[in-house]
Amino acid sequence: MLKPTYAVLLSCLGAVPAAAQTCTFTTECYEAEPCQDTSFALSAALDEAKLITDFGDLVVVGVKSEGSLTTIFATGEGAEYLLSRNADAARFTTHANEGPAAITYIGTCEGEF
């Protein structure tokens, strides 16, 4: 049942204009620990259905746009990912299957989808 849903989500990506976007994150929050400074970036390549990161490429499984907010759902080895952005701010969260545990990155994105 999951495979047909995945295929439908990927087919919807064809309707999204092909463009890239770079996101830079300067704050990292791990679970309930205090947030810390960080330097983390990713590129969203929706025409290729992937998020490109230092630790590997993530497969985009869905994109939702509502007004100025765009949300990207992605998957990778051992975790699920969510990137939300508007004109002023971006959040990237990792939901690790081990634990479970969550990490939130706070930053901004440049470029348009």
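Residues numbered from 1 in each chain as written. Predicted model: local features only at pLDDT ≥ 70, side-chain atom pairs only at ≥ 80, totals over all residues. Heavy atoms only, no water.

(A) Region of the structure containing the nonpolar core. Judged by nonpolar contacts, the single largest core of 20 residues is most densely connected at Phe25, Leu42, Leu51, Ile72, Leu83 and Phe92. Elements that contribute at least two residues to this core include exactly β1 (20-30), β2 (36-45), β4 (56-66), β5 (69-76), β6 (79-85), β7 (90-96) and β8 (101-110). If we skip the residues at most four places from it in the chain, Phe25 touches Thr38, Ser39, Phe40, Leu42, Leu83, Ala90, Arg91, Phe92, Tyr105, Ile106 and Gly107. (Core = buried A, V, L, I, M, F, W, Y, C linked by side-chain atoms within 4.5 Å. Buried < 20%, exposed > 50% of the residue type's maximum accessible area, 1.4 Å probe, protein only. Helix = DSSP H or I, 4+ residues; strand = E, 2+ residues; numbered from the N terminus. Contact = heavy atoms within 4.5 Å.)

(B) Geometry of the state of the cysteines. Summed over all chains, the structure comprises 2 disulfides. In the protein chain, the cysteines engaged in disulfides, taken in order along the sequence, are linked 1-4, 2-3. (Disulfide = S-S within 2.5 Å.)

(C) Looking closely at the packing of aromatic side chains. Summed over the entire model, instances satisfying the criterion amount to 9 aromatic pairs. Summarising the aromatic geometry, the rings of Phe40 and Tyr105 are spaced 4.7 Å apart at their centres and angled 35 degrees between planes, so their arrangement reads as tilted. Separated by 65 residues along the polypeptide, Phe40 in strand β2 and Tyr105 in strand β8 bring together distant segments of the chain. Accessibility expressed as a relative area gives 9% for Phe40, which makes it buried. (Phe/Tyr/Trp six-rings, centres within 6.5 Å; stacked < 30°, edge-to-face > 60°.)

(D) Quick look at unusual backbone geometry. Cis geometry is found at the peptide bond from Gly99 to Pro100, where omega equals -10 degrees. By secondary structure assignment, the location of Pro100 is in the loop between β7 and β8. At Ala49, a residue that is not glycine, the phi angle is positive and equals roughly 55 degrees. On the secondary structure map, Ala49 appears in the loop between β2 and β3 (50-53). Given the relative accessible area of 18%, Ala49 is considered buried.

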